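So you can see what is in the structure, the chains are spelled out below.
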Amino acid sequence: MVLSPDQAVRYDVRNGVAVLTIDFPPVNALGAPMREGMMLRLEQAREDEGVDAIVLVGANDRFIAGADIREFGKEKVGPSLESIQEALETSVKPVVAAIDGHALGGGLETALAAPFRVAASRAKLGLPEINLGLLPGGGGTQRLTRLIGPEGALDLILSGRHIAAVEALRLGIVDEVTDGDVTEAAIAFARAKAAKGGPWPIILERTDKVTGTDPKIFEDVRAKNAGKWKGMVAPFEIVNCIEAACHLGPVEGLEFERAAFWRCSDAPSREAQVHLFFSERAAAKVDGTKGVAAKPIRSVGIVGAGTMGSGIAMAIANSGIEVTLLDSAKGALDAGMERIAKNYATSVARGSRTQDAADKALALIETTPDYAALANADLVIEAVFEDMGIKHEVFRRLDAVCKPGAVLASNTSALDIDEIASATGRPQDVIGLHFFSPANVMKLLEVVRGDHASPETVVTAMAFAKRIGKQPVLAGNCFGFIGNRILHRYGEEADLLLMEGATPWQIDGVLKEFGFPMGIYLMRDMAGLDVSYRVRRNKAATGALNLSADTYNPIADRICENGDHGQKTGEGYYAYVGRNASPRPQVEAMLAEISREKGIERKAISDEEVLWRILAAIVNEGAKIVEEGIAQRASDIDVAYAHGYGFPKYRGGPMFWAAQQGLDTVLTKIMEYQARYPDRWQPSDLLADRAATGKGWEG
Ligand code: T1G
């Protein structure tokens, strides 16, 4: 439904105050009809003799969520945000922005152009444009810096975080916070200002917070983040704009910001990160379940108080949901609670959580050794050792104790969810909830759907994931689901490259240069080589892995059998002094030995080939996962890899990256590898089809 401007912004007068109500679903974004409506109503209020003041408020308990991201890359129509801001800053009548829900991006920038801001205590405010590969292009870098100073502006804009109203008040971003109705509070505030008379504050004219800024703060933040921001555009442009706000006048500052904004908008990273933004929202939707309601989850049981169980307990308690943490071993329960208390104390000490929030979350976690305590839980999550026998025992007990309709979830990272479900008489209620460690931090949550899971169980699990602030991706039931299956495949390719002549440090260097926070061999050392050693032994015992295959590289086994298990023993692929890793000549000698045994003549391999073979392996496996129906759509692979496996977000994810290279180019590379390694490389049918039709992944 296309709203007309006067529908997008309603007008009514209360006690001599014009209330402009923005009603532009779904999130009151600054779409063209809404911008036109704002200009129309501001003009109307200016002309209205019965009006002494103006209040801007959003319908549906939210202010403005920012520019309309769907308009990016399209020809701009309607009045600009700048013209609205100019009308606000030159208004003879005082204007108060009444902020509820969210004031984000252009939404907060609109509010900063108004002379005054009143926020509901539950409101969240932020300038999160960096998450889209952009910067606040509506004067946000100039106004916020002049309002709260450069250090605060750097923190808020570079982190892209949403802050609570009470923090906004402390910083001086809002003038008042109310627990009551924010519109009424804003009307009262506006009437008082009108009675007192102007002139009204204009943030752009302030200099008190920027005068005498030490230019070193900008050099320091650039130097501190040089590695993390490698290959990105927006973070550097943001620092430049905030620095400019400290020595340019308002007009030049806005001009500087506008040019910087377009440099970000024109960079490939903006398209990549906007792709991820919409893909994250698409990933939360389950095809074919329209009209299926999620069950309410008011209390959650967790079986297993180990590292994962306690991390999951924190993630859930942080969202205000009661948790009963069960472990049959008393010592394990005490250790689990100690770990949780310590994590909260650390986050409070770091300032990332208030003591009050930590106390409230901790108070929601009960412990018990007794399964009977889980009888009324709406959801129970098993987080015990990765052994099918132990999981069967847990699910048999849950089946006997839990109320009918309770969702029974396993946190397994790779075991067969149907086999787990078979231990119960209610497979329709069983689902996989694969958290990533540390579970209270990592965003990705793979929801694993077995053959018997009911649509209600799946929809409930997906909604629960969003509710606890996770990024859900629905996966079918196969070894490794989505993320680990792809990780396993590109790990094989990396191991093959090692046998041909590459080294772990060359491969890790190539992946880091591409934008991964760390390479696969550093990651393996961190996870512990003994863990993966056991998995390979189990797979070999079942015949799922042929340890004597020509293409199988035994390097990890041999390092492990030498007693070197990675970071935890001080040596693995690398030698460690603390966390500092250095290449091990012994590993290079072992690789030479293995190549000799395999009859492979080692040769230098270019970084470009290393990168292409690993990325093509990721993309090809991702395409197979989509064509097999394990993932609902290609963009789900992007979401999983950006949120769980370190794929650089500014590149949009592996499937997006492949589409940017051209799917025909990727297919050609894979055909080349297939010619060299026929048993290892078979191009995905989906990739071959999309490369031929040129229609992109969605066809
Ligand atoms: N533009 C267009 N559509 C948007 C949107 C936006 N800004 N924000 C959300 N949507 C859609 C979303 O795709 C989904 O659509 C529906 O709204 C509900 O979203 C000039 C240039 C506000 C915290 O980055 O963070 O301003 O799937 O599921 O969980 O400097 O949406 O239903 O079809 O996320 O309640 C800056 C982005 C923009 C905020 C609400 N603003 N949005 O969360 O709902 S750039 C942002 C959010 C900018 C200026 C610059 C969240 C939310 P569909 P949802 P939610």
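Residues numbered from 1 in each chain as written. Predicted model: local features only at pLDDT ≥ 70, side-chain atom pairs only at ≥ 80, totals over all residues. Heavy atoms only, no water.

Draft legend 1. Region of interest: the overall build of the protein. Helices and strands together make up the secondary structure of the protein, namely 29 helices and 19 strands. Here the C-alpha atoms of the protein give a radius of gyration of 28 Å, agreeing with the 27 Å that 2.2 N^0.38 yields for 699 residues. The dimensions of the protein, computed from C-alpha atoms along their principal axes, are 90 × 60 × 50 Å. Here the protein holds 699 residues, and the buried ones make up 54% of them. Put simply, 73% of the contacts in the protein that link residues at least 6 apart link residues at least 24 apart. Looking at the protein, you have 77 positive and 93 negative side-chain charges, and the mean spots of the two groups are 2 Å apart. (Helix = DSSP H or I, 4+ residues; strand = E, 2+ residues; numbered from the N terminus. Rg over C-alpha atoms; globule rule 2.2 N^0.38 Å. Buried < 20%, exposed > 50% of the residue type's maximum accessible area, 1.4 Å probe, protein only. Contact = heavy atoms within 4.5 Å. Lys, Arg positive; Asp, Glu negative; His and termini not counted. Charge placed at Lys NZ, Arg CZ, Asp CG, Glu CD.)

Draft legend 2. Broad picture of the environment of L362. Here L362 shows up in helix α15 (residues 355-363). Distance in space between the C-alpha atoms of L362 and S80 is 47 Å, their sequence separation being 282 residues.

Draft legend 3. Fine view of the environment of T183. Relative to the elements of secondary structure, T183 occurs in helix α8 (residues 182-196). Relative accessible area serves as the criterion here: at 11%, T183 is assigned to the buried category.

Draft legend 4. A look at the pattern of salt bridges. Per the counting criterion, the structure on display carries 47 salt bridges. Between D220 and K216 there is a salt bridge, and its shortest N-O distance comes to 2.9 Å. Separated by four residues within a single helix, D220 and K216 lie in helix α9 (residues 216-225), roughly one turn from each other. Using a relative accessible area of 41% as the deciding quantity, one classes K216 as partly exposed. The partner of E493 in a salt bridge is R680, and the shortest N-O contact between them spans 3.3 Å. You can see E493 sitting in helix α19 (residues 483-500) and its partner R680 sitting in the loop between α28 (663-676) and α29 (685-693), a full 187 residues away along the chain. (Salt bridge = Lys/Arg side-chain N within 4 Å of Asp/Glu carboxyl O.)

Draft legend 5. Looking closely at the nonpolar core. In this structure, L398, I482, Y490, I507, I555, I614 and W697 are the most contacted members of the largest nonpolar core, which totals 93 residues. Ranked by residue count, the leading element in this core is helix α25 (residues 607-627), at eleven residues. W697 has contacts with V619, A623, A634, M655, A658, A659, L663, L686, L687 and R690, leaving out every residue within four places of it along the chain. The next biggest cluster of nonpolar side chains, apart from the first, holds 68 residues, and it includes M38, I84, L132 and C241. (Core = buried A, V, L, I, M, F, W, Y, C linked by side-chain atoms within 4.5 Å.)

Draft legend 6. Quick peek at the sheet that holds strand β8 (residues 163-164). Overall, mixed pairing links the three strands, which are arranged β5-β7-β8 in an open sheet. Every other strand in the sheet has two partners, leaving β5 (102-104) and β8 as the edge strands with one partner each. Both β5 and strand β7 (residues 124-126) contribute to a ladder of three bridges, which runs parallel. Its bridge partner being in β7, L104 is matched across the sheet by G126. Running at roughly 90° to β5, helix α4 (residues 106-113) makes contact with β5 and β7 of the sheet. (Pairing = 2+ DSSP bridges. Axes fitted to C-alpha atoms, helices over the stretch in contact; angles between N-to-C directions.)

Draft legend 7. Here's a closer look at the sheet that holds strand β3 (residues 53-58). Here we have six strands laid out as an open sheet, ordered β1-β2-β3-β4-β6-β9, and mixed in their pairing. With one partner strand each, in any of the chains shown, β1 (9-14) and β9 (176-178) form the two edges of the open sheet. With direction set aside, neighbouring strand axes in the sheet form an average angle of 20°. Relative to strand β4 (residues 95-99), β3 is paired through four bridges, and the arrangement is parallel. Counted as the bridge partner of L56 is A97 from β4.

Draft legend 8. Main features of the site of the ligand. Lining the immediate environment of the ligand, one finds 29 residues, of which A67, E109, E129, R281 and K285 sit closest. A distance of 2.8 Å separates an oxygen atom of the ligand from a polar side-chain atom of E129. Take K285: an N or O atom from its side chain is 2.5 Å from an oxygen atom of the ligand. When the ligand sits alone it has 1000 Å² of accessible area, and the protein chains cover 78% of it. Those elements that place two or more of their residues in the shell around the ligand are β5, α4 and α12 (268-283). Residue contributions to the shell around the ligand peak at three residues, all from α12. Looking at side-chain class alone, the shell around the ligand contains 15 nonpolar, six polar and eight charged residues. (Near = heavy atom within 4 Å. Polar contact = N/O pair within 3.5 Å; in protein donor to acceptor, adjacent residues only side chain to side chain. Areas by Shrake-Rupley, 256 points an atom, 1.4 Å probe, with all protein chains shown as cover. Nonpolar A, V, L, I, M, F, W, Y, C, P; charged D, E, K, R; others polar.)

Draft legend 9. Examining the pairing of strand β15 (residues 430-435) more closely. Counted residue by residue, β15 has six buried out of six residues, so it is predominantly covered. Inspection of the sheet shows strand β14 (residues 407-410) paired to β15 by three bridges, in the parallel sense. Along β15, the bridge assignment pairs S410 with G432. Sheet topology places β15 next to strand β16 (residues 444-448); four bridges connect them, and they run antiparallel. When the bridges of β16 are listed, H434 appears paired with E446.

Draft legend 10. Spotlight on the packing of aromatic side chains. Summed over all chains, the structure comprises 16 aromatic pairs. Pairing W612 with W657 gives two aromatic rings, centres 5.1 Å apart and planes at 55°, and the pair type is tilted. With a gap of 45 residues between them, W612 in helix α25 and W657 in helix α27 (residues 654-661) connect regions that are remote in the sequence. Its relative accessible area of 11% is what places W612 among the buried residues. Look at W657 and you get buried, because its relative accessible area is 6%. Pairing Y673 with W681 gives two aromatic rings, centres 5.0 Å apart and planes at 50°, and the pair type is tilted. For the pair Y673 and W681, one class covers both residues: buried. (Phe/Tyr/Trp six-rings, centres within 6.5 Å; stacked < 30°, edge-to-face > 60°.)

Draft legend 11. Inspection of the state of the cysteines at higher detail. Inspection of every chain in the model, using the stated rule, returns zero disulfides. As a non-bridged cysteine, C241 has C264 as the owner of its nearest cysteine sulfur, 7.5 Å distant. We classify C241 as buried; its relative accessible area is 0%. (Disulfide = S-S within 2.5 Å.)

Draft legend 12. Here's a closer look at the pairing of strand β11 (residues 322-326). Among the five residues of β11, four are classified as buried, and the element is accordingly described as predominantly covered. Handedness of the strand β10 (residues 299-303)-helix α13 (residues 307-317)-β11 crossover: right-handed. Pairing analysis gives four bridges linking β11 to strand β12 (residues 365-368), with the strands arranged parallel. Each bridged residue has a counterpart across the sheet, and for V323 the counterpart in β12 is I365. (Right-handed = clockwise from strand over helix to strand, strands pointing away.)

Draft legend 13. How the structure looks around the domain arrangement of the protein. Looking at the assigned domains, one finds that the protein contains domain 1 (5-266), domain 2 (299-480), domain 3 (483-502 + 606-629 + 632-699) and domain 4 (518-598). Placing the centre of domain 1 and that of domain 4 at their C-alpha centroids yields a distance of 53 Å. (Domains from an automatic or database assignment.)

Draft legend 14. Molecular detail of α25. Taking 1.5 Å of rise per residue, 21 residues should cover 30 Å, and α25 covers 30 Å from first to last C-alpha, within 8% of that figure. For α25, a buried count of 16 out of 21 residues is recorded, marking the element as mostly surrounded by other parts of the structure. Two residues or fewer past α25, G629 is found with a positive phi of approximately 80°. (Expected span 1.5 Å × (residues − 1).)

Draft legend 15. Representation of α9. All of the buried residues along α9 are I217, F218, V221 and N225. All buried residues of α9 fall inside an arc of 100° around its axis, so they share one side. (Arc of directions from axis to C-beta.)

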